[in-house]
Amino acid sequence: MTKVLVVDDDFMVAKLHSRCVSAMDGFTVVGVAHNGADALRAARLLRPDLVLLDVYLPDMDGITVLRELRAAEQRDEAGHTVDALFITAARDAAVIRAALRAGALHYLIKPFNQAALQEQLRHVASLRTRFHELAELGEARQEDVDQIFGTRPPGSRELPKGLAAHTAELVERTLREEPAGLSATECAKAGSLSRVSARRYLEFFADTGRAEVTLRYGGTGRPERRYRWVG
(Lines give C-alpha, C1' and ligand atoms only; values in the text may rest on other atoms or scores of the structure.)
Protein backbone atom coordinates (compact mmCIF):
# COMPACT_ATOMS: atom_id res chain seq x y z
CA MET A 1 0.00 0.00 0.00
CA THR A 2 1.39 3.39 -1.07
CA LYS A 3 0.84 6.05 1.60
CA VAL A 4 0.09 9.49 0.15
CA LEU A 5 0.28 12.97 1.67
CA VAL A 6 -1.77 15.60 -0.21
CA VAL A 7 -0.48 19.19 -0.02
CA ASP A 8 -2.55 22.05 -1.49
CA ASP A 9 -3.56 25.42 -0.06
CA ASP A 10 -7.07 25.08 -1.55
CA PHE A 11 -9.19 22.91 0.76
CA MET A 12 -11.57 21.80 -2.00
CA VAL A 13 -8.76 20.93 -4.41
CA ALA A 14 -7.01 18.92 -1.71
CA LYS A 15 -10.27 17.08 -1.07
CA LEU A 16 -10.69 16.28 -4.78
CA HIS A 17 -7.13 14.99 -5.05
CA SER A 18 -7.59 12.89 -1.92
CA ARG A 19 -10.76 11.37 -3.35
CA CYS A 20 -8.97 10.53 -6.60
CA VAL A 21 -6.09 8.85 -4.75
CA SER A 22 -8.43 6.88 -2.48
CA ALA A 23 -10.26 5.51 -5.54
CA MET A 24 -7.03 3.82 -6.73
CA ASP A 25 -6.22 0.28 -5.62
CA GLY A 26 -3.00 0.15 -3.65
CA PHE A 27 -3.08 3.80 -2.52
CA THR A 28 -4.25 5.39 0.71
CA VAL A 29 -4.28 9.05 1.85
CA VAL A 30 -2.59 9.30 5.24
CA GLY A 31 -2.76 13.08 5.59
CA VAL A 32 -3.58 16.47 4.08
CA ALA A 33 -1.66 19.74 4.56
CA HIS A 34 -2.45 23.26 3.35
CA ASN A 35 0.92 24.96 3.84
CA GLY A 36 4.59 24.09 3.69
CA ALA A 37 5.25 23.94 7.43
CA ASP A 38 2.35 21.55 8.00
CA ALA A 39 3.49 19.45 5.02
CA LEU A 40 6.98 19.02 6.50
CA ARG A 41 5.54 18.23 9.92
CA ALA A 42 3.09 15.69 8.44
CA ALA A 43 5.84 14.06 6.38
CA ARG A 44 7.97 13.65 9.50
CA LEU A 45 5.14 12.13 11.54
CA LEU A 46 3.21 10.13 8.91
CA ARG A 47 6.15 8.90 6.82
CA PRO A 48 4.32 8.91 3.44
CA ASP A 49 5.68 7.17 0.36
CA LEU A 50 4.40 9.86 -2.01
CA VAL A 51 3.60 13.58 -1.66
CA LEU A 52 1.21 15.31 -4.05
CA LEU A 53 2.65 18.81 -3.87
CA ASP A 54 1.46 22.23 -5.02
CA VAL A 55 3.99 24.94 -5.88
CA TYR A 56 1.92 27.85 -4.56
CA LEU A 57 1.67 27.60 -0.78
CA PRO A 58 1.06 30.47 1.67
CA ASP A 59 4.30 30.21 3.65
CA MET A 60 6.86 28.67 1.26
CA ASP A 61 6.82 27.34 -2.28
CA GLY A 62 6.54 23.63 -3.02
CA ILE A 63 10.06 23.47 -4.44
CA THR A 64 11.42 24.53 -1.05
CA VAL A 65 9.24 21.92 0.64
CA LEU A 66 10.66 19.18 -1.58
CA ARG A 67 14.22 20.35 -0.95
CA GLU A 68 13.55 20.25 2.80
CA LEU A 69 12.16 16.72 2.45
CA ARG A 70 15.32 15.68 0.59
CA ALA A 71 17.49 17.22 3.31
CA ALA A 72 15.50 15.37 5.97
CA GLU A 73 16.14 12.10 4.15
CA GLN A 74 19.87 12.64 4.54
CA ARG A 75 19.40 12.90 8.31
CA ASP A 76 17.00 9.94 8.59
CA GLU A 77 18.83 7.02 10.19
CA ALA A 78 16.03 4.63 9.15
CA GLY A 79 16.64 5.48 5.50
CA HIS A 80 13.04 6.51 4.77
CA THR A 81 12.54 8.18 1.38
CA VAL A 82 9.56 9.92 -0.18
CA ASP A 83 8.62 10.53 -3.80
CA ALA A 84 6.97 13.74 -4.99
CA LEU A 85 4.48 14.49 -7.74
CA PHE A 86 3.80 18.19 -8.38
CA ILE A 87 0.20 19.20 -9.05
CA THR A 88 0.11 22.92 -9.72
CA ALA A 89 -0.95 25.80 -11.94
CA ALA A 90 2.67 27.03 -12.15
CA ARG A 91 3.75 27.01 -15.82
CA ASP A 92 7.06 28.88 -15.53
CA ALA A 93 9.85 26.90 -17.19
CA ALA A 94 12.31 27.77 -14.41
CA VAL A 95 9.92 26.36 -11.80
CA ILE A 96 9.46 23.13 -13.78
CA ARG A 97 13.22 22.77 -14.12
CA ALA A 98 13.66 23.40 -10.38
CA ALA A 99 11.08 20.71 -9.60
CA LEU A 100 12.95 18.25 -11.78
CA ARG A 101 16.30 19.10 -10.19
CA ALA A 102 14.78 18.76 -6.72
CA GLY A 103 13.81 15.18 -7.56
CA ALA A 104 10.12 15.28 -8.53
CA LEU A 105 8.81 12.20 -10.34
CA HIS A 106 6.51 14.25 -12.54
CA TYR A 107 4.74 17.58 -12.87
CA LEU A 108 1.02 17.95 -13.67
CA ILE A 109 -0.26 21.37 -14.70
CA LYS A 110 -3.76 22.34 -13.57
CA PRO A 111 -6.38 21.92 -14.82
CA PHE A 112 -6.22 18.26 -15.77
CA ASN A 113 -8.66 15.38 -15.69
CA GLN A 114 -8.75 12.61 -13.11
CA ALA A 115 -7.38 10.09 -15.62
CA ALA A 116 -4.13 12.08 -15.92
CA LEU A 117 -3.52 11.91 -12.16
CA GLN A 118 -4.44 8.25 -11.98
CA GLU A 119 -2.05 7.50 -14.83
CA GLN A 120 0.78 9.09 -12.85
CA LEU A 121 -0.23 7.14 -9.75
CA ARG A 122 -0.02 3.93 -11.75
CA HIS A 123 3.42 5.02 -12.90
CA VAL A 124 4.47 5.52 -9.28
CA ALA A 125 3.17 2.06 -8.39
CA SER A 126 5.07 0.56 -11.33
CA LEU A 127 8.30 2.29 -10.27
CA ARG A 128 7.95 1.12 -6.66
CA THR A 129 7.44 -2.45 -7.84
CA ARG A 130 10.40 -2.24 -10.20
CA PHE A 131 12.69 -0.88 -7.46
CA HIS A 132 11.56 -3.66 -5.12
CA GLU A 133 12.35 -6.28 -7.77
CA LEU A 134 15.74 -4.73 -8.52
CA ALA A 135 16.55 -4.63 -4.80
CA GLU A 136 15.92 -8.39 -4.65
CA LEU A 137 18.12 -8.97 -7.71
CA GLY A 138 20.84 -6.67 -6.41
CA GLU A 139 21.66 -5.16 -9.80
CA ALA A 140 19.99 -3.62 -12.86
CA ARG A 141 20.31 -4.00 -16.62
CA GLN A 142 20.62 -0.94 -18.83
CA GLU A 143 17.07 -1.46 -20.10
CA ASP A 144 15.85 -1.39 -16.48
CA VAL A 145 17.63 1.92 -15.94
CA ASP A 146 16.25 3.32 -19.22
CA GLN A 147 12.71 2.47 -18.18
CA ILE A 148 13.12 3.96 -14.69
CA PHE A 149 14.63 7.21 -15.96
CA GLY A 150 12.23 7.46 -18.88
CA THR A 151 15.00 7.40 -21.49
CA ARG A 152 12.75 5.49 -23.83
CA PRO A 153 9.74 7.45 -25.09
CA PRO A 154 6.52 6.49 -23.26
CA GLY A 155 4.56 3.99 -25.27
CA SER A 156 7.51 3.13 -27.49
CA ARG A 157 6.81 0.00 -29.53
CA GLU A 158 10.44 -0.88 -30.00
CA LEU A 159 10.95 -4.31 -28.49
CA PRO A 160 13.86 -4.73 -26.07
CA LYS A 161 16.59 -7.20 -26.93
CA GLY A 162 15.41 -10.77 -26.37
CA LEU A 163 11.73 -10.15 -27.16
CA ALA A 164 10.28 -11.34 -30.45
CA ALA A 165 7.63 -9.49 -32.47
CA HIS A 166 5.47 -12.57 -33.15
CA THR A 167 5.39 -13.50 -29.46
CA ALA A 168 4.54 -9.90 -28.52
CA GLU A 169 1.63 -10.04 -30.96
CA LEU A 170 0.45 -13.32 -29.41
CA VAL A 171 0.53 -11.91 -25.89
CA GLU A 172 -1.20 -8.72 -27.04
CA ARG A 173 -3.96 -10.74 -28.74
CA THR A 174 -4.37 -12.89 -25.64
CA LEU A 175 -4.75 -9.81 -23.43
CA ARG A 176 -7.21 -8.16 -25.82
CA GLU A 177 -9.40 -11.25 -25.69
CA GLU A 178 -9.63 -11.06 -21.89
CA PRO A 179 -10.87 -7.54 -21.01
CA ALA A 180 -11.06 -8.45 -17.32
CA GLY A 181 -7.31 -9.10 -17.31
CA LEU A 182 -4.95 -12.06 -16.86
CA SER A 183 -2.14 -13.17 -14.61
CA ALA A 184 1.18 -14.21 -16.15
CA THR A 185 0.28 -17.85 -15.45
CA GLU A 186 -3.09 -17.54 -17.20
CA CYS A 187 -1.52 -15.72 -20.14
CA ALA A 188 1.17 -18.37 -20.46
CA LYS A 189 -1.43 -21.15 -20.49
CA ALA A 190 -3.62 -19.39 -23.07
CA GLY A 191 -0.68 -18.64 -25.37
CA SER A 192 1.23 -21.90 -24.82
CA LEU A 193 4.22 -20.00 -23.40
CA SER A 194 6.37 -20.39 -20.33
CA ARG A 195 5.29 -18.25 -17.38
CA VAL A 196 8.65 -16.46 -17.34
CA SER A 197 8.34 -15.58 -21.03
CA ALA A 198 4.74 -14.39 -20.67
CA ARG A 199 5.72 -12.24 -17.68
CA ARG A 200 8.49 -10.50 -19.67
CA TYR A 201 6.09 -9.48 -22.45
CA LEU A 202 3.38 -8.45 -19.99
CA GLU A 203 5.85 -6.27 -18.08
CA PHE A 204 7.01 -4.72 -21.36
CA PHE A 205 3.41 -3.78 -22.21
CA ALA A 206 2.94 -2.38 -18.68
CA ASP A 207 6.16 -0.32 -18.89
CA THR A 208 5.11 1.17 -22.24
CA GLY A 209 1.62 2.08 -21.04
CA ARG A 210 -0.34 -0.46 -23.04
CA ALA A 211 -1.24 -2.72 -20.12
CA GLU A 212 -2.49 -1.81 -16.67
CA VAL A 213 -1.22 -3.75 -13.67
CA THR A 214 -3.32 -4.43 -10.59
CA LEU A 215 -2.52 -6.54 -7.53
CA ARG A 216 -4.77 -9.32 -6.25
CA TYR A 217 -4.15 -10.17 -2.62
CA GLY A 218 -4.69 -13.74 -1.43
CA GLY A 219 -4.47 -15.38 1.94
CA THR A 220 -0.71 -15.85 2.02
CA GLY A 221 2.38 -15.03 -0.02
CA ARG A 222 3.02 -12.20 -2.44
CA PRO A 223 0.07 -10.58 -4.25
CA GLU A 224 -0.70 -11.76 -7.77
CA ARG A 225 0.01 -9.27 -10.55
CA ARG A 226 -2.81 -9.06 -13.12
CA TYR A 227 -2.56 -7.35 -16.48
CA ARG A 228 -5.31 -5.66 -18.50
CA TRP A 229 -4.88 -4.30 -22.03
CA VAL A 230 -5.50 -0.55 -22.26
CA GLY A 231 -3.88 0.12 -25.65
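None of these values were measured; they are calculated from a predicted model.

Trainee: Now, about the side chain of Glu-172: what can you tell me, with residues and values included?
Mentor: With respect to the secondary-structure elements, Glu-172 resides in helix α7 (residues 165-176). Residue Glu-172 is classed as buried on the basis of its relative accessible area, which comes to 18%. Once residues within four sequence positions are removed from consideration, Glu-172 is found in contact with Phe-205 and Trp-229.

Trainee: Provide a residue-level description of helix α8 (residues 184-191), including the pertinent values.
Mentor: Where α8 is concerned, the buried positions are Ala-184, Cys-187, Ala-188 and Gly-191. The arc enclosing the buried residues of α8, seen along the axis, measures out at 100 degrees, which places them on a common side. More than 90 degrees from the buried face of α8, the exposed residues found are Lys-189 and Ala-190. Those residues of α8 that are buried lie in contact with α7, β6 (182-183), α9 (195-207) and β8 (224-229). Residue Ser-192 follows α8 closely and has a positive phi angle near 55 degrees.

Trainee: If you had to explain the nonpolar core to someone new, which residues and values would you point to?
Mentor: Membership of the largest hydrophobic core comes to 24 residues, with the highest contact counts inside it found for Val-7, Val-51, Leu-53, Val-65, Leu-66, Leu-69 and Phe-86. At the level of secondary structure, the elements contributing two or more residues to this core comprise β1 (2-7), α2 (36-46), β3 (50-53), α3 (62-75), β4 (83-88) and α4 (93-102). If we skip the residues at most four places from it in the chain, Val-65 touches Gly-36, Ala-39, Leu-40, Leu-53, Leu-57 and Met-60. Formed by 16 residues, the second largest nonpolar core is a distinct cluster that contains Tyr-201, Leu-202, Phe-205 and Tyr-227.

Trainee: I'd love a proper account of the sheet that holds strand β2 (residues 27-33), names of residues and values included.
Mentor: Judged by pairing direction, the sheet is parallel, and its five strands sit side by side in the order β2-β1-β3-β4-β5 without closing on themselves. Strands at the two margins of the open sheet, each flanked by one partner only, are β2 and β5 (106-109). Between one strand and the next, the sheet's axes are offset by a mean angle of 20 degrees, whatever the strand orientation. Note that β4 and β5 share four bridges and pair parallel. What sits directly across from Phe-86, in β5, is Tyr-107. Set on the sheet, helix α1 (residues 11-22) makes contact with β1, β2, β3 and β4; between it and β2 the angle comes to about 165 degrees.

Calculation criteria
Residues numbered from 1 in each chain as written. Predicted model: local features only at pLDDT ≥ 70, side-chain atom pairs only at ≥ 80, totals over all residues. Heavy atoms only, no water. Helix = DSSP H or I, 4+ residues; strand = E, 2+ residues; numbered from the N terminus. Buried < 20%, exposed > 50% of the residue type's maximum accessible area, 1.4 Å probe, protein only. Contact = heavy atoms within 4.5 Å. Arc of directions from axis to C-beta. Core = buried A, V, L, I, M, F, W, Y, C linked by side-chain atoms within 4.5 Å. Pairing = 2+ DSSP bridges. Axes fitted to C-alpha atoms, helices over the stretch in contact; angles between N-to-C directions.

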